[in-house]
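Listed below are the residues making up each chain.
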There are 2 protein chains.
Amino acid sequence: MVLASAPAKIILFGEHFVVSDRLAIAAAIDLRAKVEANFNDSKIFSFLSKKNNFKIDVNFDDVVNGRINNYNSFFKPLLFILYEISKCLKLERGIDFIIDSDIPIGVGLGSSAAVSVAFSAATLKLLNYNFGMKDIIIFASKGESLAHERPSGIDPTISTLGGILVYRRSEGFRTLDVSINNPVIIGVTNESRSTAEMVMKVLNFKAKYPKIFDFLYEANDIIVYEAIEALKSNDLLKIGELMNIAHGLLSSIGVSSLSLERLIYAARNAGAYGAKITGAGGGGAMIAVCDSEKIGLVSKVIKDNGGSVISSYISNCGVKIHE
Amino acid sequence: MVLASAPAKIILFGEHFVVSDRLAIAAAIDLRAKVEANFNDSKIFSFLSKKNNFKIDVNFDDVVNGRINNYNSFFKPLLFILYEISKCLKLERGIDFIIDSDIPIGVGLGSSAAVSVAFSAATLKLLNYNFGMKDIIIFASKGESLAHERPSGIDPTISTLGGILVYRRSEGFRTLDVSINNPVIIGVTNESRSTAEMVMKVLNFKAKYPKIFDFLYEANDIIVYEAIEALKSNDLLKIGELMNIAHGLLSSIGVSSLSLERLIYAARNAGAYGAKITGAGGGGAMIAVCDSEKIGLVSKVIKDNGGSVISSYISNCGVKIHE
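Residues numbered from 1 in each chain as written. Chains lettered and ligands numbered in written order. Predicted model: local features only at pLDDT ≥ 70, side-chain atom pairs only at ≥ 80, totals over all residues. Heavy atoms only, no water.

**Some thoughts on the overall build of chain A**
At step 1: The secondary structure content of chain A amounts to 10 helices and 12 strands.
At step 2: Each principal axis of the C-alpha atoms in chain A carries an extent, and together these give about 60 × 45 × 35 Å.
At step 3: By residue count, 61% of the 323 residues in chain A fall in the buried class.
At step 4: For chain A, the share of sequence-separated contacts (at least 6 apart) that also reach a separation of at least 24 residues comes to 72%.
At step 5: Accessible area of chain A: about 12600 Å², with a carbon and sulfur share of 48%. (Helix = DSSP H or I, 4+ residues; strand = E, 2+ residues; numbered from the N terminus. Buried < 20%, exposed > 50% of the residue type's maximum accessible area, 1.4 Å probe, protein only. Contact = heavy atoms within 4.5 Å. Areas by Shrake-Rupley, 256 points an atom, 1.4 Å probe, with all protein chains shown as cover.)

What follows is the structure, encoded as structure tokens:
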């Protein structure tokens, strides 16, 4: 038996701007997806999601021959990863997979990437393959390309490596070697939205007002440069202020909502250093950075204003095999 | 007897940015302050505010000799204007002034300037002085310099001239010859705030993050250029979108509040073309532009979300003597 886990992520700065080759900062947090893998004695790959007690059995030959299009389900990205792995490593036996994740789905916390990363690691380890981080990112990204239309690659990378990453599409990733010990409170609204739709909305808006957006995008990059320095010196006041400025930019480009503003102002007024949308916006999640003794109050006011609360910490722990 | 009136103003674009020599657009609206002036037979200047039924009598000689510091009241800017007028024109008789204003006080709609403008016009007319617009602006600005710490001069100018003005501190004013026939709904929160404090807050924030603010300020100017074209072509969709972008910038620089966001999102969600803070922010007023048939709904949702509502139109009518 192999058990692997991988973390959720938050975007600290630069969501949406990153699509247009601007800078972003992503961080892994201590919510994790776990995948257990066991060989079985039948020619079946079985997938069990513990959270919703949903299970499918998939024919061994269908997977290794890439006949997975008919399996239209939650597990399809994992089937695709398994097919890609089967092209590199010889699969001879069926495997039972058990997926167990703490990460809320569809709110921008990288749930699908974390599952894909843990799944890739568990499978490669079970097959006794001496993998590196790069292998995990490559295989997990194959799954992400099914889950999202234009994946930036941020999610599987941060979920594999953990910690904090600075990213620009044309330049790739750079690890930021800092540790932030303060909590990050995540508030989730119950508005539904599609990331792809929000991205298109921003790109259309940008096409209509290119000159204005140019300056907002320039401002984003300076915010990220300043944030890198603030993270290095653990200057939480500055990180919070930069989050507040960044949130205004996200409001400018049209991805905030009243539900998000409610949670954001509640957190700020309760003493958080700063609060902003994280991810695509238009509903979804916001984050607030605060001191440890403020966790209770900031969490309470977010709940009082209609949000679900996840209290998390930035985590240096990326993908992990649990021996 | 002379009756003069002058309009309130809204800032359509550029509040706060204007302090740092950036572009702003102001518009006169159809809320007015009225001042009635009548000679009396005593050596007294009497001031009656009809709205709060507050009255003071001021000794004639005190005013013409500039001994007005002890009159610490709501009417002090008017005493100062009267003193300045007395230096230019011979005052021989007492005058009774009756002030009657529709304009809410202290929410950024230029109430004090409108009173000062109407007061200057009524007084000059009563003294049979053949004044021009410039005279009114000069005398009204004397009063404003008492009412506000660093007046930009926008308020008395727009209240005197009416219509829509484009302004940059280093360049002065330029009239925009357009007429917008759609309503502007004004929502007022019951948060108290000081304009001077909000201005200082922004300037301090700017001093800490000069590079970021530079780009936000550049974005403001492009918004204003685009808005001038949109106003000229009466493109309400574009005016609304630009208001929404501009509001995000005001959120970035820290002058929004949850109460304002509530009114702004309520208006947008009820079908307004756009909505933003107007004036100093941190509480105070927001504006929404909508079609005439939406006045009822937009007004209702602003009320439902805790705002006082003023339904107004942009007005080309500046200061006026009512014969």
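**What to know about the side chain of serine 86 of chain A**
All names here are of chain A.
At step 1: Within the secondary structure layout, serine 86 lies in helix α2 (residues 76-88).
At step 2: Serine 86 sits in the buried class, given a relative accessible area of 16%.
At step 3: The residues contacting serine 86, other than those within four sequence positions of it, are Val63, Val64 and Leu91.

**Thoughts on the packing of helix α9 (residues 258-269) of chain B against helix α10 (residues 295-304) of chain B**
All names here are of chain B.
At step 1: The interhelical angle for the contact between α9 and α10, taken along N-to-C directions, is 150 degrees, at an axis separation of 9 Å. Regarding the angle of α9 to α10, the classification is roughly antiparallel. Crossing of α9 against α10: the hand is right-handed. Of the residues in α10, those touching α9 at Leu263, Ala266 and Ala267 are Val298, Val301 and Ile302. (Axes fitted to C-alpha atoms, helices over the stretch in contact; angles between N-to-C directions. Parallel < 35°, antiparallel > 145°, perpendicular 65-115°, else oblique. Left-handed = near helix turned anticlockwise from the far one by under 90°.)

**Quick notes on the domain arrangement of chain A**
Residue and element names in this part refer to chain A.
At step 1: Parsing chain A into structural domains produces domain 1 (2-176) and domain 2 (184-312).
At step 2: For domain 1 versus domain 2, the separation of C-alpha centres amounts to 26 Å.
At step 3: Taken residue by residue, the interface counts 29 residues in domain 1 and 41 residues in domain 2.
At step 4: Together, the buried faces of domain 1 and domain 2 total about 2700 Å²; carbon and sulfur atoms form 70% of this surface.
At step 5: Seen at the junction of domain 1 and domain 2, the total is four salt bridges.
At step 6: Where glutamate 15 meets lysine 276, a salt bridge forms, and the shortest distance between an N and an O atom there is 2.8 Å.
At step 7: In this structure, the connection of domain 1 to domain 2 is made through 11 residue pairs in polar contact (both at pLDDT 80 or more).
At step 8: Taken together, the elements giving at least two residues each to the side of domain 1 that touches domain 2 come down to β1 (2-13), β2 (24-39), β6 (164-168) and β7 (172-176).
At step 9: No other element matches β2, which puts five residues into the side of domain 1 that touches domain 2. (Domains from an automatic or database assignment. Buried area = accessible area lost by both parts, 1.4 Å probe. Salt bridge = Lys/Arg side-chain N within 4 Å of Asp/Glu carboxyl O. Polar contact = N/O pair within 3.5 Å; in protein donor to acceptor, adjacent residues only side chain to side chain.)

**Observations concerning the sheet that holds strand β11 (residues 308-313) of chain B**
Residue and element names in this part refer to chain B.
At step 1: Ordered by their spatial adjacency, four strands build an open sheet running β9-β10-β8-β11, and the pairing between neighbours is antiparallel. Of all the strands in the sheet, just β9 (274-278) and β11 have a single pairing partner and so form its edges. When strand polarity is set aside, the average angle formed by the axes of neighbouring strands in this sheet is 25 degrees.
At step 2: Pairing geometry for strand β8 (residues 183-188) and strand β10 (residues 285-289), over five bridges, is antiparallel. The residue of β10 that forms the bridge with valine 184 is valine 289.
At step 3: Sitting on the sheet, helix α8 (residues 236-252) touches β9 and β10, and the angle it makes with β9 is about 45 degrees. (Pairing = 2+ DSSP bridges.)

**Digging into helix α7 (residues 210-232) of chain A**
At step 1: With 23 residues, α7 of chain A extends 33 Å from end C-alpha to end C-alpha; this agrees with the ideal 33 Å at 1.5 Å per step.
At step 2: Looking one or two residues past α7 of chain A, asparagine 234 of chain A carries a phi angle of roughly 50 degrees, positive in sign. (Expected span 1.5 Å × (residues − 1).)

**Some details on the environment of alanine 270 of chain A**
All names here are of chain A.
At step 1: Relative to the assigned elements, alanine 270 resides in the loop between α9 (258-269) and β9 (274-278).
At step 2: Considering only alpha carbons, one finds alanine 270 and glycine 296, 26 residues apart in sequence, at a separation of 9.9 Å.
At step 3: Once residues lying within four places of it in the same chain are set aside, the contact partners of alanine 270 are Lys294, Leu297, Val298 and Val301.

**Points about the confidence of the model for chain A**
All names here are of chain A.
At step 1: Taken residue by residue, chain A gives an average pLDDT of 94. The fraction at 70 or more is 98%.
At step 2: Helix α8 (residues 236-252) holds the highest mean pLDDT among the elements of chain A, 98, whereas helix α4 (residues 133-147) holds the lowest, 88.
At step 3: Confidence metrics for the complex model read pTM 0.94 and ipTM 0.92. (pLDDT = per-residue confidence, 0-100.)

**Re the sheet that holds strand β10 (residues 285-289) of chain A**
Residue and element names in this part refer to chain A.
At step 1: Ordered by their spatial adjacency, four strands build an open sheet running β9-β10-β8-β11, and the pairing between neighbours is antiparallel. Lying at the two open borders of the sheet, with one neighbouring strand each, are β9 and β11 (308-313). When the angles between neighbouring strand axes are averaged without regard to direction, this sheet yields 25 degrees.
At step 2: Pairing geometry for β9 and β10, over five bridges, is antiparallel. Pairing of glycine 274 across the sheet is with valine 289, part of β10.

**Thoughts on the relation of the copies chain A and chain B**
At step 1: Take chain A, turn it by 180 degrees, move it 0.0 Å along the axis, and it overlays chain B with an RMSD of 0.0 Å. As the rotation angle and translation indicate, the two copies are arranged about a two-fold axis.
At step 2: Of all interface residues in chain A, 100% are interface residues in chain B too; the two copies therefore contact each other through one and the same surface. (Least-squares fit on C-alpha atoms with pLDDT ≥ 70 in both.)

**Looking at the interface of chain A and chain B**
At step 1: Taken together, the contact pairs 30 residues of chain A with 30 residues of chain B.
At step 2: Taken together, the two surfaces of chain A and chain B that pack against each other cover about 2700 Å², and 70% of this comes from carbon and sulfur.
At step 3: Across the chain A-chain B interface, the total number found is two salt bridges.
At step 4: The shortest N-O distance in the salt bridge between lysine 208 of chain B and glutamate 241 of chain A comes to 2.8 Å.
At step 5: Our count for the contact surface shared by chain A and chain B stands at eight residue pairs in polar contact (both at pLDDT 80 or more).
At step 6: The set of elements that each furnish at least two residues to the side of chain A that touches chain B consists of α6 (195-208), α7, α8 and α9 of chain A.

**Let's talk about a nonpolar patch on the surface**
At step 1: Taken together, the side chains of Phe54, Phe74 and Ile105 of chain A make up a nonpolar region of the molecular surface, amounting to roughly 300 Å² of accessible area.
At step 2: With respect to the helices and strands, phenylalanine 54 of chain A occurs in strand β4 (residues 54-59). (Patch = residues over 30% accessible without salt bridge, like charges linked within 9 Å, V, L, I, M, F, W, Y side chains within 5 Å.)

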